[in-house]
Every structure is written in C-alpha cells, then in structure tokens.
Amino acid sequence: MINESALLESKSLRDSVLERTDVLDRVKALSLLPDGMHVTTAMVAVYFGVTAGVIRQLTKRHRKRAGSQRHGCTARP
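Report on the accompanying structure. (Residues numbered from 1 in each chain as written. Predicted model: local features only at pLDDT ≥ 70, side-chain atom pairs only at ≥ 80, totals over all residues. Heavy atoms only, no water.)

## A few points about a nonpolar patch on the surface
There is a patch of nonpolar side chains on the surface, built from F48, V50, V54 and L58 and spanning about 320 Å² of accessible area. Position of V54 relative to the elements: it lies in helix 4 (residues 52-61). Residue classification places V54 among the partly exposed positions, given a relative accessible area of 36%. (Patch = residues over 30% accessible without salt bridge, like charges linked within 9 Å, V, L, I, M, F, W, Y side chains within 5 Å. Areas by Shrake-Rupley, 256 points an atom, 1.4 Å probe, with all protein chains shown as cover. Salt bridge = Lys/Arg side-chain N within 4 Å of Asp/Glu carboxyl O. Helix = DSSP H or I, 4+ residues; strand = E, 2+ residues; numbered from the N terminus. Buried < 20%, exposed > 50% of the residue type's maximum accessible area, 1.4 Å probe, protein only.)

The structure is reproduced here in structure tokens:
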C-alpha cells in the first residue's frame, strides 16, 4: 500500500502507479432503468451483493440524510 502523503509529494511515485488500473477490473457496472437515471431496490441489492431487505433497512435508517441528497423513494406498485 502506498502512503498517501508520499504519493502527493512525489511525482516519480505518481508516475510509477499511473498505469495501475487493476482496481477498475473489479468494479461492476450499475444497471439502470430505461430512463438512464434511476434504479430499483432490487437492482441496488444485486450490485452490492445483498438482499433487497438490507437496502430497505439502510434506506430507512438513513432516510433523513439521504433525503437531503436528492434521494427519492417511490412506493412499490
């Protein structure tokens, strides 16, 4: 693991890790609804590898903060 302050201070160290993109290979794409902006609880759960119940519980627990960040919840049909 590279020390963050050393990375900030040393151009040669930054240059040595510039091509490291291996972490990008582990990032999954988040599927969106056809509008390209929204996701369902189930879609978020699949992305994080948890159940939809976990996502609902976290949303409930953090609703006040999430609401302030333009997070919206719609009722299930």
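## Structural notes on helix 3 (residues 41-48)
Buried within helix 3 we find M43, V44 and A45. Next to the buried residues of helix 3 lie helix 4. Residue G49 follows helix 3 closely and has a positive phi angle near 70 degrees. (Contact = heavy atoms within 4.5 Å.)

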